[in-house]
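Now for the letters of each chain:
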Amino acid sequence: MPVFRNFIAGQWVDAIDGQTFDNVNPADTTDIIGRFPLSGAQDVDRAVQSAQRGFDVWRATPAPLRGDVMRRAGDLLAARKEEIANLMTREMGKPLAETRGDVQEGIDTAYYAATEGRRLFGHTVPSELRSKWAMSFRRPIGVAGIITPFNFPLAIPTWKMFPALVCGNACVFKPAEDVPHTGTVFVEILLEAGLPPEVIQLVHGRGEMAGAAIVSHPGIPIVSFTGSTETGSFVGETCGRMHKRLSLEMGGKNAQVVLDDADLELALDGVLWGAFGTTGQRCTATSRLILQDGIHDEFVARLSDRARALRLGDGRREGTDVGPLVHESALKKVEAYVEIGRSEGATLALGGTRATGAGLERGHFFQPTIFTGVRPGSRLEQEEIFGPVLSVIRVGSADEAFRVNNDVRYGLSSSVYTRSVQVAFRALQDLDNGITYINAPTIGAEAHLPFGGVKQTGNGHREGGWEVYEFYSETKVGYVDYSGVLQRAQLDTYTTG
Ligand code: NAD
C-alpha cells in the first residue's frame, strides 16, 4: 500500500510516534488509497519551529515575487488538473465534473493571488501637520494555522493558503483526515512552484489531535478554519483565550425560494444541482426549498421525478450524477435525520434509505431524499444535515418566504427565483446571508469575490476576493516628519498662512 508522509522542516517524514491512519475510498471501502501519518502535538511543534524560520525568509521576499510562485502553482494545477480530479474523486466521492471544478477554483484563485502580489494596497493620506507624510501599509503576521474540511479538498486550502502566502506568512496546513491525498499533492505543487521549503508545513491527522495542537500552539498567531459550527466553537474558544486572529467559515442551512412567477424549469435545474450535487455535502448546499402556494404541488411533482432519475455511483464512472457520502458516520447522521423528519410529521416524498444495487454495495450511498410539509422551526428545517436531504416548506408570499429563510441560526447563502425586479432587489437587501443568488442556485461562488456567511456561519471575515488579504496581513501606519521641529498632533493649532 502507498505510504504518505508529513512535510516538516523541509523533509517528508513520518509522525514522530510512528502512528498512521488509512485513507479509504467512500465509493468502495475495500479500496485503500494509502497510509498517512497520524500526527500529534510534537509533530505540530516541530512544524511550527520550522515555519518560523521559513517566515523569516519569506517575509523578506518582495510580494510580487511571492505572487509569481502562486502563478506557477496555478500553471502546475492546470497541467495536472485531470490527475488531481481523479484522485480527489477517489478519496472523497464527488463526481469528476465536480472535482474538475474544484481544481479549477484553485487555478483561478492562484492567478488572482499572483496579481494581488502587485497590489496589497495601503493608503497615503494628507497629514494634518506641515512637512509630514502619513501612510498605512500591510505587514505579514507570522505562522498561519490552516485547518480545512473534506468537501472541497483543493479549493478551500487554496482559498486560504494562496492569500496567506502572498501576504508573506508561513503556513502549517492540516487537511481533513478524509482527504489527505489531495492535500499532499497540493503541497508538492507549492514546492515545485518554488516556495521555499520551510514556508509550508504539512501535518496530517485527526482534528482532536493535530488540529487542536495547531489551534493552541503559542507560535501560531493566526488561524483559518473551515468546518462545522460545532468544531468552530472549540477553535474559537481557544483562539479567543489566546488572543489569536481567527477566521471561521462554518455550517449552513441554505434555502432556495421559488415564487409563483418564477421560471420553473430553471428553478428545477437549480434545486437539483443545489440539493444533490456533492451529495448535499456543501456548506452552500440547498437544504431547504421554500415554495409559494401557487406552484408548490406542480413543482414538488416535477422535482421528485427528476430527482428519482439521478444516477448514483462511483464518481469516476461516466454518467454518475451523485456520489457517496464521505464516510459511515455521515451516512448514519443522514439516516438519523430521516427518522427525525418522520417523527416530526414531515412527509417523505422520495428516498429515505440507503441506496442499494449494482455497484453500490461497498460504498456509503444514500438515495436523494425529499421531505414535504416540513414545519418551520422543526429540527429537520433548522439543523445542518450535510447529505442529500431536501426539506420543502410551503409559504403564502415572498415576505413569508424571506422570514422562513432568515429564521435559522446559519447565514451562508440563499437563492430566489422570481421574474420581479422589485422582489429580487428586496431579497438582496433583506435576506440574512453572506451571499444571495437571484435565479441561480445556492452554490456557485467565484474566486474573485468575497465568500462567507453571517450569524453562526462565520465570524465576520471572508475568504476569496480582495477582503481575505486584509485578514492575512496587519495594517501598520507610518508617519515621516521632515519639518525639523517637534510638531504635536492634536495639540498644534491649525493655521492657514
Ligand atoms: P469538521 O468540523 O468535522 O472538520 C473540519 C476540520 O477541522 C478537519 O480538518 C478536522 O480534522 C478539524 N478538526 C476537527 N476537530 C477539531 C478540533 N477540536 N480542533 C481543531 N481542528 C479540528 O468538518 P467536516 O466534516 O470536514 O466538513 C463539513 C463542515 O464544514 C460542514 O459543517 C460544512 O458546512 C462546513 N463547511 C463550511 C464552509 C464555509 O465556507 N462556510 C465550506 C466547506 C465546509
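Residues numbered from 1 in each chain as written. Predicted model: local features only at pLDDT ≥ 70, side-chain atom pairs only at ≥ 80, totals over all residues. Heavy atoms only, no water.

1. A few points about the site of the ligand
Close to the ligand lie 27 residues; Thr148, Glu177, Thr231, Met250 and Glu384 are nearest. Within the contact set of the ligand, an oxygen atom lies 3.2 Å away from a backbone nitrogen or oxygen of Gly207. In isolation the ligand has 840 Å² of accessible area, and contact with the protein removes 88% of it. Those elements giving two or more residues to the shell around the ligand turn out to be helix H7 (207-215) and strand E10 (222-226). Considering only residue class, the shell around the ligand consists of 14 nonpolar, nine polar and four charged. (Near = heavy atom within 4 Å. Polar contact = N/O pair within 3.5 Å; in protein donor to acceptor, adjacent residues only side chain to side chain. Areas by Shrake-Rupley, 256 points an atom, 1.4 Å probe, with all protein chains shown as cover. Helix = DSSP H or I, 4+ residues; strand = E, 2+ residues; numbered from the N terminus. Nonpolar A, V, L, I, M, F, W, Y, C, P; charged D, E, K, R; others polar.)

2. Observations regarding helix H3 (residues 81-92)
Because each turn of an α-helix spans 3.6 residues, side chains separated by three or four positions end up pointing in the same direction. Relative to the 16 Å expected for twelve residues at 1.5 Å per residue, H3 spans 16 Å between its end C-alpha atoms, a close match to the ideal helical length. Within the span of H3, buried status applies to Ile84, Ala85, Leu87, Met88, Thr89, Glu91 and Met92. Looking at the buried positions of H3, the neighbouring elements they touch are strand E3 (20-24), strand E4 (32-37), helix H2 (63-79), helix H4 (96-116) and helix H6 (180-192). Gly93 sits one or two positions beyond H3 and adopts a positive phi of about 105 degrees. (Expected span 1.5 Å × (residues − 1). Buried < 20%, exposed > 50% of the residue type's maximum accessible area, 1.4 Å probe, protein only. Contact = heavy atoms within 4.5 Å.)

3. Things to note about the sheet that holds strand E15 (residues 369-372)
Spatial strand order, E14-E15-E16-E13-E12-E18-E19: seven strands in an open sheet with mixed pairing. Two strands lie at the open edges of the sheet, namely strand E14 (347-350) and strand E19 (435-438), each paired on one side alone. Sheet twist, expressed as the mean angle between neighbouring strand axes with direction ignored, is 25 degrees. Bridge analysis of strand E12 (residues 254-258) against strand E13 (residues 286-292) gives five bridges, and the strand direction is parallel. (Pairing = 2+ DSSP bridges. Axes fitted to C-alpha atoms, helices over the stretch in contact; angles between N-to-C directions.)

4. Thoughts on the domain arrangement of the protein
Considered domain by domain, the protein is made up of domain 1 (6-250 + 458-477) and domain 2 (254-438). A separation of 31 Å is found between the C-alpha centroids of domain 1 and domain 2. Taken together, the contacts link 24 residues of domain 1 with 25 residues of domain 2. Across the domain 1-domain 2 interface, the total number found is three salt bridges. Here domain 1 and domain 2 share nine residue pairs in polar contact (both at pLDDT 80 or more) between them. Contributions of two or more residues to the side of domain 1 that touches domain 2 are made by H3, H4 and helix H8 (229-241). (Domains from an automatic or database assignment. Salt bridge = Lys/Arg side-chain N within 4 Å of Asp/Glu carboxyl O.)

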